[in-house]
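What the coordinates show
These are the residues of each chain, in order.
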Amino acid sequence: MKRRTGMVILLAGILIRLSLSASPAVGSAPAATAPAGRLTVLARTALLFPADAEYRKIYGEQRPYFELKVGADIARNLYLWGAWGFFGGTGTIPLVDEEAESSQNILSFGAGFRLRITPRLGARAEVGLSRIGYKDKAMGLEVSGSGIGPRAGVAGFYNFSRTVFIEVGLDWAHASSTTEDGLNLRLGGWILGAGLGLRF
């Protein structure tokens, strides 16, 4: 956990340095970018590819994932963000042929760097931490818990106007949790999706 947290802090430092280096020099004309403090709201639908191999055996190789994300610009290219998403489903446990039900929710916070390639086209990179909670039901038993781990992602976006944009991105959100029986669970996974956003 300390190693993962240290990596997130290192990546956040790199994002800050990129933002500072991309800022206009003293005396130069400011670029036409969003002012500091501007808010962004993004609703995204995606496919999540679970990190846990045993989970994939029961529920499949991918699950529909839905997420709501908000962000606030704090510098020319740097912003803070928070997101909440969830996925779940039902499946069948191999060998015993018993039905199982599972759900996970991912609460994330972090920092991001945004690069505008043209007035309409751009890209972003993000790092942060995620708290991933889970609840599993099978064979009359219910198990729940949570874990904290790193999150990182990249995306491209296209601006339809000053306020409306679309985004396509890939994220990695992962955490570990150990049940009372000593079973180690890998939570989260790869997230590939697209969304519609608004800027205020």
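In short, a report on the structure.

Procedures and definitions
- Residues numbered from 1 in each chain as written.
- Predicted model: local features only at pLDDT ≥ 70, side-chain atom pairs only at ≥ 80, totals over all residues.
- Heavy atoms only, no water.
- Buried < 20%, exposed > 50% of the residue type's maximum accessible area, 1.4 Å probe, protein only.
- Helix = DSSP H or I, 4+ residues; strand = E, 2+ residues; numbered from the N terminus.
- Pairing = 2+ DSSP bridges.
- Patch = residues over 30% accessible without salt bridge, like charges linked within 9 Å, V, L, I, M, F, W, Y side chains within 5 Å.
- Areas by Shrake-Rupley, 256 points an atom, 1.4 Å probe, with all protein chains shown as cover.
- Salt bridge = Lys/Arg side-chain N within 4 Å of Asp/Glu carboxyl O.
- Axes fitted to C-alpha atoms, helices over the stretch in contact; angles between N-to-C directions.
- Polar contact = N/O pair within 3.5 Å; in protein donor to acceptor, adjacent residues only side chain to side chain.
- Contact = heavy atoms within 4.5 Å.

**Section: the pairing of strand 1 (residues 39-50)**
Burial along strand 1 is one-sided: Thr40, Leu42, Arg44, Ala46, Leu48 and Pro50 are buried, and none of Leu39, Val41, Ala43, Thr45, Leu47 and Phe49, which face the opposite way, are. Relative to strand 2 (residues 63-73), strand 1 is paired through 10 bridges, and the arrangement is antiparallel. Note on strand 2: the bridge partner recorded for Thr40 is Gly71.

**As for a nonpolar patch on the surface**
Among the surface-exposed residues, Leu115, Ile117, Leu121, Tyr158, Phe160, Ile166 and Leu196 lie close enough to one another that they form a single nonpolar patch of about 640 Å² accessible area. With respect to the element layout, Leu121 can be found in strand 5 (residues 121-138).

**Observations concerning the sheet that holds strand 6 (residues 141-159)**
One closed barrel holds the 8 strands; their spatial order is 1-2-3-4-5-6-7-8, and the pairing between them is antiparallel. The sheet shows a mean angle of 20° between the axes of neighbouring strands, taken without regard to direction. Of the strand pairs in this sheet, strand 3 (residues 78-93) and strand 4 (residues 98-116) are connected by 16 bridges, and their pairing is antiparallel. Bridging from a neighbouring strand, Ala83 pairs with Ser108 of strand 4.

**Let's talk about the side chain of Lys69**
Relative to the elements of secondary structure, Lys69 occurs in strand 2. A distance of 2.9 Å separates a polar atom in the side chain of Lys69 from a polar atom in the side chain of Glu126.

**Comments concerning the environment of Arg120**
Topologically, Arg120 is positioned in the loop between strand 4 and strand 5. Taking relative accessible area as the criterion, Arg120 reaches 40% and is therefore assigned partly exposed. Sequence separation between Arg120 and Phe157 is 37 residues, and the spatial gap between their C-alpha atoms is 8.2 Å. Ignoring sequence-local partners within four residues, the contact set of Arg120 consists of Phe157, Tyr158, Asn159, Phe160 and Ser161.

**Thoughts on the pattern of salt bridges**
The final tally for this structure, using the stated rule, is 10 salt bridges. For the salt bridge of Glu67 with Arg44, the shortest nitrogen-to-oxygen distance reads 3.0 Å. On the criterion of sequence distance, the pair formed by Glu67 in strand 2 and Arg44 in strand 1 is long-range, its members being 23 residues apart. On the basis of relative accessible area, Glu67 is assigned to the buried category, the value being 6%.

**Examining the pairing of strand 2**
Alternating positions in strand 2 separate cleanly, Arg63, Tyr65, Glu67, Lys69, Gly71 and Asp73 being buried on one face and Pro64, Phe66, Leu68, Val70 and Ala72 remaining unburied on the opposite face. Relative to strand 3, strand 2 runs antiparallel, the two sharing 8 bridges. The residue bridging Leu68 from the neighbouring strand is Trp84, located in strand 3. Linking strand 2 to strand 3, which pair antiparallel, is a turn of 4 residues.

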